[in-house]
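For reference, the chains in residue letters:
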Amino acid sequence: MILDTEKLDINLSFLDDGTTNNSSTKQEKTQVGSKNIRPWVRYFARTIDVFLFSILFAVVLTLAGTAISDMPDILFVLLNLFVWIFFEAILLSTIGTTPGKWLLKTRIKDNDGNKLSFLKAIRRCIAVWLYGLGMGIPLITLLASISGHSDLTKRGITSWDKKGGFIISHGNIGFFRALVASLILILMLYFMILGKME
């Protein structure tokens, strides 16, 4: 069973800022027409973002007096992904990128080639949280990830980028950036294994 995100009846129209179908069509042609579609790069960039933010989030919760060790892992994951929505939207609408996207040379622009406004950024982040990450809920996350990968590889665009008129581009990553990204991912795996052993 694979989710078809275009048939889901979760309506985000309350966040619509008037983006037209023409802009979506233009963006779809841009991605499909290029050979610059890299689903795994996008996945690893987001994974790095979420991991780095989880460290910051844990520090903030600890300083606020929350006992992280007593919190169920799934609760921390759900809260971390939800709060990341707003943090990512702020980053995309101000500096135009996130740590993971910057490291792996992934760029997000609107259909005019401009940096996303906060409204557009929050719309995209909510859509990714719902359709791409399945809100962090086990199994649903897996199905959502498979569906998003299928959309990107078969159609050249995810359902949320098509609807929002967003253009995703990738640059050459290079050895140093790839090395740093690999080290971060290895560190993440180390923490995950360490957590399971405790």
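These figures come from a predicted structure and were not determined experimentally.

### Focus: the overall build of the protein chain
Move 1: Within the protein chain, the secondary structure is distributed over eight helices and two strands.
Move 2: The secondary structure elements of the protein chain, listed N-terminal to C-terminal, are α-α-α-α-β-α-α-α-β-α.
Move 3: Counting over 198 residues, the protein chain shows a buried share of 43%.
Move 4: Within the protein chain, residue pairs in contact and separated by at least 24 positions form 78% of the contacts whose partners lie at least 6 positions apart.

### Let's talk about helix H2 (residues 39-63)
Move 1: Spanning 25 residues, H2 covers 36 Å between terminal C-alpha atoms, matching the ideal 36 Å at 1.5 Å per step.
Move 2: Count one or two residues on from H2 and you reach glycine 65, which has phi positive near 95°.

### Brief notes about the nonpolar core
Move 1: Among the nonpolar cores identified, the biggest contains 28 residues, and Phe76, Ile85 and Ile108 are the most heavily contacted of them.
Move 2: Per element, the largest residue contribution to this core is nine residues, and it comes from helix H5 (residues 118-132).
Move 3: Excluding residues that lie within four positions of it along the chain, isoleucine 108 makes contacts with Leu92, Lys101, Leu116, Arg124, Phe166, Ile167 and Ile168.
Move 4: Ala45, Leu104, Ala181 and Ile184 belong to the second-largest nonpolar core, a separate cluster that totals 10 residues.

### Quick notes on the confidence of the model for the protein chain
Move 1: In the predicted model, the protein chain carries a mean pLDDT of 84, and the fraction of residues at 70 or more is 81%.
Move 2: Within the protein chain, helix H4 (residues 99-103) carries the highest mean pLDDT (97), whereas helix H1 (residues 21-33) carries the lowest (42).
Move 3: Contacts from residues 1-35, a stretch scored under 50 in pLDDT, to residues over four places away or in other chains number 60 contacts.

### Describing the side chain of threonine 47
Move 1: Relative to the helices and strands, threonine 47 resides in helix H2.
Move 2: Residue classification places threonine 47 among the buried residues on the basis of a relative accessible area of 16%.
Move 3: A distance of 2.8 Å separates a polar side-chain atom of threonine 47 from the backbone oxygen of tyrosine 43.

### Comments concerning the packing of aromatic side chains
Move 1: Summed over all chains, the structure comprises 12 aromatic pairs.
Move 2: Taking the centre distance of 6.0 Å and the plane angle of 35° together, the rings of tryptophan 84 and phenylalanine 87 count as tilted. Residue tryptophan 84 and its partner phenylalanine 87 are located together in helix H3 (residues 73-94), separated by three residues, close to a single helical turn.
Move 3: Taken together, the ring pairs connect Phe53, Phe57, Phe76, Trp84 and Phe87 into an aromatic cluster.
Move 4: Its end group placed over the ring of tryptophan 102, arginine 177 keeps NZ or CZ at 4.4 Å from the ring centre.

### What about the pattern of salt bridges?
Move 1: Within the structure shown, the criterion is met by seven salt bridges.
Move 2: For arginine 42, the salt bridge goes to aspartate 161, with nearest N and O atoms at 2.8 Å. With arginine 42 in helix H2 and aspartate 161 in helix H7 (residues 159-164), the pair connects residues that are 119 residues apart, well separated along the chain.
Move 3: You can call arginine 42 buried: its relative accessible area is 14%.
Move 4: Overall, aspartate 161 belongs to the buried group, its relative accessible area being 0%.

Thresholds applied
Sequence positions are assigned chain by chain, starting from 1 and proceeding in written order. The model is predicted, so local features are restricted to residues of pLDDT at least 70 and side-chain atom pairs to those at 80 or more, both for listing and for counting; the totals for chains, interfaces and linings are taken over all residues. Only heavy atoms go into the side-chain values, all of them from the structure, while hydrogens and water stay out. Helical segments are the DSSP runs of H or I of at least four residues, strand segments are the runs of E of at least two, and each set is numbered from the N terminus. Buried residues are those whose accessible area, probed at 1.4 Å on protein chains only, stays under 20% of the maximum for their type, while exposed residues exceed 50% and partly exposed ones sit between those limits. We call two residues in contact when some of their heavy atoms are within 4.5 Å. A helix is expected to span 1.5 Å multiplied by its residue count minus one. Each nonpolar core is a collection of buried residues, namely Ala, Val, Leu, Ile, Met, Phe, Trp, Tyr and Cys, held together in the definition by side-chain atoms within 4.5 Å. pLDDT expresses, on a scale from 0 to 100, how confident the predictor is about each individual residue. A 3.5 Å cut-off defines polar contacts: any pair of N or O atoms within that distance qualifies, except that in protein one atom must be a possible hydrogen donor and the other a possible acceptor, and neighbouring residues in sequence count only when both atoms are side-chain atoms. Note on aromatic pairs: the rings of Phe, Tyr and Trp (six-membered ring only in Trp) are paired at centre separations within 6.5 Å, and the planes decide the class, stacked below 30 degrees, edge-to-face beyond 60, tilted for the rest. The rule is short: NZ of Lys or CZ of Arg within 6 Å of the ring centre and within 35 degrees of the ring normal puts a charge over the ring. When a carboxyl oxygen of Asp or Glu is within 4 Å of a side-chain nitrogen of Lys or Arg, the pair counts as a salt bridge.

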